[in-house]
Amino acid sequence: MFGFDKASLRQLLLSQWIAGVIFSGAMLTTFLLWVSERHHAGELQDIQFRQAVLSAAEEIQHRIDAFRQVLKGVEQLYTSSEHVSANEFKLYVDDFTEYPGDDSLSAIGFIKYIHLLQPETFLNLDIPIQQLLKLEDYRSGDTEEIAPILYVEPRNDSNREVLLKNTFANAFIKADLLTASDDGHMVMSTHSMVDAILPLQKHYVLHAPVYHGKLLDIPAGNRRTMLNGWVFLRFEVGTLLRQALEAQEKQHLHFDVFDQLADQGQTPLYHSDAELHLHAVPALYNMSLLLSVNGQNWSLRARSTPAFEAAIDYSQANRIGLLGVFLSGLIGGLAYFAVMRSRTQLALEKSNQEFNSSEQRWMLALESTGDGLWDWYVPESRIVYSDRWKSMLGFQSDEFDHSPESWHQRIHEEDYPAAMTVLQQVLKGERDHYEMEYRMACKDGTWKWVFDRGMGWIILTQRHRDE
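Let me sum up the structure you'll find in this document.

Conventions used here
- Residues numbered from 1 in each chain as written.
- Predicted model: local features only at pLDDT ≥ 70, side-chain atom pairs only at ≥ 80, totals over all residues.
- Heavy atoms only, no water.
- Helix = DSSP H or I, 4+ residues; strand = E, 2+ residues; numbered from the N terminus.
- Buried < 20%, exposed > 50% of the residue type's maximum accessible area, 1.4 Å probe, protein only.
- Contact = heavy atoms within 4.5 Å.
- Areas by Shrake-Rupley, 256 points an atom, 1.4 Å probe, with all protein chains shown as cover.
- Salt bridge = Lys/Arg side-chain N within 4 Å of Asp/Glu carboxyl O.

Along its length, the chain carries twelve helices and 16 strands. Every one of the 467 residues in the chain was classed for burial, and the buried ones make up 41%. In the chain, of all internal contacts separated by at least 6 residues, the share reaching a separation of at least 24 is 60%. Working note: accessible area of the chain is about 26300 Å², and carbon and sulfur atoms make up 55% of it.

Have a look at this one:
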């Protein structure tokens, strides 16, 4: 068992540096709380960053899905009708080509499937097949299948350039179209007939096959024979991404989008309008998402900008820091005050002990002379009488209280005025010593002459003589 030294513990607690330890502990706690709150603020900003990136990804998907729905509507137009004229097609798609708030949709059209050995595939054409075959795109005669663009809206310059062009002349587009028709689902192509016309623009095309009849009623092996053609929707991918990411870019986020093409590798589709030096500065927040866009994989990469990182709200952390510093100073000050007060009390206790010890030795010395001693603590209106003093008047040591009135009441009435006059002169500093002889009443009712003398008002001695 270890002993517990209370005196050592008290001495430790009364050390002056204990206040410094308390202050240092409070400041350390403040610092840890400040760091924790700053970390929490950073985490909140990270959550906001990730939510913004997810919102951007959802907006991209939403816009692609909206295009898919538009194309499905055009597909239903052909499913519900044996023949769609150019005017009917224009009236139907006009509302879509003027899609409010979206400038990325550049064309909606119809590609007719024609097999030259099957006359039923080129019936009801707006242009005779003989005239169509005289066009440059059809003169090679290397194939029995052609796929001209019969309708396209809106009729702007670039769209008029591709009107009646044979899409099968482009091997990549032909492969995408036949994949769509044979599988019976929508295909997104990275190749477009306007690539040669608008080389600086990156266009993607959604192709959906249409048949003579409903797809569910057509056996998989007979789809080519029942094929009517394809409806398509062309959009400018850079414009689509810019509009989809615009809201999040206003929150000072930077985006890069790539198409993960299996045959071409990583193809850049979009970069936020930002200065190049941003890529040389490490971003505090980064996030990458892989988007499945109609069977293709787009990589969306987001990073924070210095402006976004500067918006982290550290105000709560700063308030905690300032409050902590104030409270640390207050606690440290109170601890220092408590230590100094305890040290003062300890010093007073020690002084009183030394004084009492000295007083007892002094009173013992005076008692041995036969004189009585009394000490008047004027501020406390309290008188301490020696046992010898009490015995002179016939009292035991515990029979006489400490009030000045008990003493004054025992002075003979004839001697009282003179005794009080001399005492007041000493208390006021008019006399440098006290000396007076008067009569005092004893316990048994007799009177006894006493002679008091002393310096100042602290200590007075008293002798008596028989009356």
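Additional details are given in the paragraphs that follow.
Side chains that differ in charge, positive against negative, can pair when their charged atoms come close. Here the structure, examined in full by the defined rule, presents ten salt bridges. Residues aspartate 157 and arginine 160 are paired through a salt bridge, measuring 2.9 Å at the closest nitrogen-oxygen approach. One end of the pair is aspartate 157 and the other is arginine 160, both in helix H5 (residues 157-162) and three residues apart, which spans about a single turn. The residue aspartate 415 makes a salt bridge to arginine 439 at a minimum N-O spacing of 2.9 Å. Of this pair, aspartate 415 sits in the loop between helix H11 (404-408) and helix H12 (416-427) while arginine 439 sits in strand E14 (residues 433-441); the two residues are 24 residues apart in sequence, bridging distant segments of the chain. Comparing aspartate 415 with arginine 439 shows no difference in burial state: the two are buried.

Here we take up the environment of leucine 116. Relative to the helices and strands, leucine 116 resides in the loop between strand E2 (114-115) and helix H4 (129-133). In this structure, the C-alpha to C-alpha distance between leucine 116 and glutamate 144, residues 28 residues apart in sequence, is 5.3 Å. Excluding residues that lie within four positions of it along the chain, leucine 116 makes contacts with Phe122, Ile129, Leu133, Thr143, Glu144 and Ile146.

Function cannot be inferred from these measures alone, as they are strictly geometric.
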